[in-house]
Amino acid sequence: MPKLIKDGAVVDDRWTLVREASASADLPAGVPVIVPLALWKAELDTLSARGDVGVWLAPDAEPADLAADVAVLPLIAIDFPAFTDGRGYSSARLLRERYGFKGELRAIGDVLRDQLYAMAECGFDAFAVRADRDPHDALKSLGDFSGLYAPTTRTPQPWFRRREHANYGGATPADAWLPEL
């Protein structure tokens, strides 16, 4: 079974990523699946009734296309077809901050260790690291930095506010693993 990083640990990936499918009849039965946005939109009623369906977004997809569905989706995956393609970072922040997505937000595709810390700061909580890389090694990158100056999805207060609050004894550590969404 493939592995992924989820909530700060390496775990088995129980979801099946379906890159190509033209109808829900093409999907494997009895396993949770991640389907393309186009299939989700075409067969919304059938797929949402199934209950074990997530959606993956291509880099050029608009997160707004899922705004009405964030409450029913357990998982949204965002594809990074190349290490240099950063559009997924913006999509993640929009899904978390503007549309209020509370489920699993997974990075898929060309996902490498060097990206994980920044992805987590944008709201990702699961990472399907590229197959030729070790997820245990990549997991270490989530602790590469002790904090950031600018606000992020994971750490919404800027550094000067966190520092000011810490001086008075009540701040949440800037390096806490997950945001409260």
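Residues numbered from 1 in each chain as written. Predicted model: local features only at pLDDT ≥ 70, side-chain atom pairs only at ≥ 80, totals over all residues. Heavy atoms only, no water.

A. Summary view of the overall build of the chain. The helix and strand inventory of the chain stands at six helices and eight strands. Reading the helices (α) and strands (β) of the chain from amino to carboxyl end gives β-β-β-β-α-α-β-β-α-β-α-β-α-α. Taken over 181 residues, the chain has a buried fraction of 43%. Sequence-distant contacts in the chain: of pairs separated by 6 or more residues, those separated by 24 or more amount to 49%. Approximately 9400 Å² of the chain is accessible, and the part contributed by carbon and sulfur atoms is 52%. (Helix = DSSP H or I, 4+ residues; strand = E, 2+ residues; numbered from the N terminus. Buried < 20%, exposed > 50% of the residue type's maximum accessible area, 1.4 Å probe, protein only. Contact = heavy atoms within 4.5 Å. Areas by Shrake-Rupley, 256 points an atom, 1.4 Å probe, with all protein chains shown as cover.)

B. Looking closely at the environment of Ala120. Following the sequence through the fold, Ala120 ends up in helix α4 (residues 113–121). For the pair Ala120 and Gly8, spaced 112 residues apart in sequence, the C-alpha to C-alpha distance is 9.9 Å.

C. The arrangement of the sheet that holds strand β5 (residues 53–57) in detail. An order of β2-β1-β8-β7-β6-β5-β4-β3 is seen for the eight strands of this open sheet, with the pairing classed as mixed. Two strands lie at the open edges of the sheet, namely β2 (9–12) and β3 (16–17), each paired on one side alone. Where strand β4 (residues 33–36) and β5 come together, four bridges link them in parallel fashion. Its bridge partner being in β5, Val33 is matched across the sheet by Val53. (Pairing = 2+ DSSP bridges.)

D. Representation of the layout of surface pockets within the structure. Roughly 200 Å³ of volume is contained in the second largest pocket. Around the second largest pocket, the lining comprises 15 residues; the ones closest to its centre are Pro2, Lys3, Asp13, Arg106 and Ala128. Elements with a minimum of two residues in the lining of the second largest pocket: β3 and β7 (104–109). No other element matches β7, which puts three residues into the lining of the second largest pocket. Tallied by class, residues from the lining of the second largest pocket come to eight nonpolar, two polar and five charged. (1 Å grid on protein atoms, 1.4 Å probe; cavity = no way out; pocket = protein on both sides within 12 Å on 5 of 7 lines; lining within 4 Å. Points joined across faces, edges and corners; volume = space filled by probe spheres on them. Nonpolar A, V, L, I, M, F, W, Y, C, P; charged D, E, K, R; others polar.)

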